[in-house]
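Residue-level structural notes
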Amino acid sequence: MKKKLQKKVYTTDGKVKIISTSEEDINLKLGKIIGPKFIEYRKQWDLANKMELITEFPLFLHLDMNQTCNYKCPHCIIGTPSEVKEFYDGDFLTFKDYKKIVDEGSDYGCPSIEPQGNNEPFLTRNLHEWIYYAHKKGFIDIMLNNNGSAFTKKRAEEILDSGLTRLRFSLDAATPETYAKVRVGSIPLEKVIRNIEYVLELREKKNYKLPVIGVSFCVMKHNEHELGQFINFWKNKVDIIATQRYLPPIPNEKGVAPEKYKKYYSTEQLNEPAINEFKCVQPYQRVMIKNDKIGPCCVSFNKDLILGSIHSSTIHDAWHSEKMKEIRKLHKDGKYYLNKTCSDCVNLYYPNNDTNKKINALNQSQT
């Protein structure tokens, strides 16, 4: 019997949309599997997303542990090493660094962690041990995105026993031809599909309830014609399907997408009107640790909103720092455009947006 694709779509901020392929919302399903701690965590998450709650410690630790990938996708910052060098400082996170981060999170009862950013996580040796360490320390929502190329049968068995909660495969295509264009340097799409199908079969064979397994599709000009085909192919196979807006990895000197990245915008992004309001909720949810640097969000080109280093500060202190408080207030007041990094980020997500108009209007109102 084929699954009925759930019409309700879950999204935090409109950038990433999660479609549950079961009759049940994926977070309700996880609440039943994991129990009251997960349910309470998601209640706090929802309040944080409404900017109504500032927790004692971040609800989510997002770790960009290294910038190592076996693909060189042209729309991604990893595809241009000079850009990585410009926007990423510090050494890659070691297992010792990771344990320090996890231990602090555990002390404060932090529920969620993702040890993956602009990289391919399964290039990290013994990654399952990193996952298991967080699981053993009490993290209840542990997630990973990966490209599926390094996901062997052995690693499938290891990851099922690691305590991982959510596993997502980033594909961005429905056909081999498109896949080869958007996933440069990739193994064939058919092999990735077999890797995904194997872990799904193994999970069922071993009667594991977790991790929930999904696929994702970043909608771009080069692949937008395959979105429907992608959803139809995967809706009877995986637990979730994620679609997301394209975000160019860096801005140019004018705070908009450089020409080499503009061509990847989807038709929808190019044709939609400028937004009237935007409030980023990430500073209420998480910190992003890029190598050793602590920041308030996931944007890769952030150099100005650094809250500290794990080598000289605690995550707790960074979370309660004056700079973090200022960022939260800025977004709660709907004045993201007063910060250059935030302004550039919104302009990149919404290419018809013009922050300068908002700043000029503000200046005129004050004169």
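The model shown is predicted, which means the values in this text are computed figures rather than measured ones.

Conventions and cut-offs
Residues numbered from 1 in each chain as written. Predicted model: local features only at pLDDT ≥ 70, side-chain atom pairs only at ≥ 80, totals over all residues. Heavy atoms only, no water. Salt bridge = Lys/Arg side-chain N within 4 Å of Asp/Glu carboxyl O. Helix = DSSP H or I, 4+ residues; strand = E, 2+ residues; numbered from the N terminus. Buried < 20%, exposed > 50% of the residue type's maximum accessible area, 1.4 Å probe, protein only. Expected span 1.5 Å × (residues − 1). Pairing = 2+ DSSP bridges.

On to the pattern of salt bridges. All chains considered together, the criterion is met by 16 salt bridges. Here Asp172 and Arg183 are joined by a salt bridge, their closest N and O atoms 2.9 Å apart. Here Asp172 is found in the loop between strand S6 (166-170) and helix H7 (176-182), whereas its partner Arg183 is found in the loop between H7 and helix H8 (189-205), with 11 residues between them in sequence. With a shortest N-O distance of 2.7 Å, Asp333 and Lys329 are connected by a salt bridge. On the accessibility criterion, Lys329 (54% relative accessible area) is exposed. Overlapping salt bridges, with partners in common, bring together Lys29, Arg203 and Asp239 in one network.

On to helix H2 (residues 36-49), then. With 14 residues, H2 extends 20 Å from end C-alpha to end C-alpha; this agrees with the ideal 20 Å at 1.5 Å per step. Met51 lies just past H2 and shows a positive phi near 60 degrees.

What follows deals with the pairing of strand S9 (residues 286-290). In terms of burial, S9 is largely enclosed, as 5 of its 5 residues are buried. Burial along S9 is two-sided: the residues Arg286, Met288 and Lys290 and Val287 and Ile289 are all buried. Here strand S3 (residues 60-64) runs beside S9; their pairing, made up of 5 bridges, is parallel. Following the sheet pairing, Phe60 is matched in S9 by Arg286. In terms of strand pairing, S9 meets strand S10 (residues 293-295) through 3 bridges, oriented antiparallel. Bridged to Ile289 within S10 is Ile294. Between S9 and S10, which pair antiparallel one after the other, the connecting turn spans 2 residues, and Asn291 there sits at a positive phi close to 55 degrees.

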